[in-house]
Amino acid sequence: MWRVITRSFQRAWTKQELWPGTGNRETFAQWRDPDHPVLWAWRTFHRRRTRYEEAFANPRLAHLVVARLRHPREAEPLVQRLGREATG
């Protein structure tokens, strides 16, 4: 939630284009739209979290390797490790 709120706030505050050249900018007024990313994330968080926890615990999926990243800084080491495993 912290990430979606801060990203949306920053884009609305700076009037940054979402996709360069499109003129598409986020505004604070859009935060009232039920499909806005902040409201969508808030509304669906628990349902999605429950669904993922159920999938992780499903014995039929036990053969899959799951990498749970809880912070963006964890992504690069995972990418590096996977790259070494793929070429190693």
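Residues numbered from 1 in each chain as written. Predicted model: local features only at pLDDT ≥ 70, side-chain atom pairs only at ≥ 80, totals over all residues. Heavy atoms only, no water.

## Comments concerning the overall build of the protein chain
Looking only at helices and strands, one finds 3 helices and 0 strands in the protein chain. Each helix (α) and strand (β) of the protein chain, taken in turn from the N terminus, gives the series α-α-α. Taken over the C-alpha trace, the protein chain has a radius of gyration of 18 Å; the compact-globule value for 88 residues is 12 Å, which it surpasses by more than 25%. Along the three orthogonal principal directions, the C-alpha set of the protein chain runs to about 45 × 30 × 20 Å. Taken over 88 residues, the protein chain has a buried fraction of 10%. Pairs at least 24 apart in sequence give 24% of the contacts found in the protein chain among residues at least 6 apart. When the accessible surface of the protein chain is summed, it comes to about 7,700 Å², and 59% of that surface belongs to carbon and sulfur atoms. On the protein chain, the mean spot of the 17 positive side-chain charges and the mean spot of the 9 negative ones are 3 Å from each other. (Helix = DSSP H or I, 4+ residues; strand = E, 2+ residues; numbered from the N terminus. Rg over C-alpha atoms; globule rule 2.2 N^0.38 Å. Buried < 20%, exposed > 50% of the residue type's maximum accessible area, 1.4 Å probe, protein only. Contact = heavy atoms within 4.5 Å. Areas by Shrake-Rupley, 256 points an atom, 1.4 Å probe, with all protein chains shown as cover. Lys, Arg positive; Asp, Glu negative; His and termini not counted. Charge placed at Lys NZ, Arg CZ, Asp CG, Glu CD.)

## Things to note about a nonpolar patch on the surface
Taken together, Tyr52, Phe56, Leu61, Leu64 and Val66 make up a surface patch of nonpolar side chains, about 440 Å² in accessible area. Tracing the backbone through its elements, the reader meets leucine 61 in the loop between α2 (37–57) and α3 (75–87). (Patch = residues over 30% accessible without salt bridge, like charges linked within 9 Å, V, L, I, M, F, W, Y side chains within 5 Å. Salt bridge = Lys/Arg side-chain N within 4 Å of Asp/Glu carboxyl O.)

## Here we look at α2
An α-helix turns once per 3.6 residues; consequently, residues spaced three or four apart project the same way. Compared with the 30 Å implied by 1.5 Å per residue over 21 residues, the 28 Å span of α2 between its first and last C-alpha is a close match. In α2, a bend of some 50 degrees at threonine 44 exceeds every other bend along the element. Where α2 is concerned, the buried positions are Val38, Ala41 and Thr44. Residues of α2 that are buried sit in contact with α1 (2–14). (Expected span 1.5 Å × (residues − 1). Bend = angle between axes of the 7 residues up to and from the residue.)

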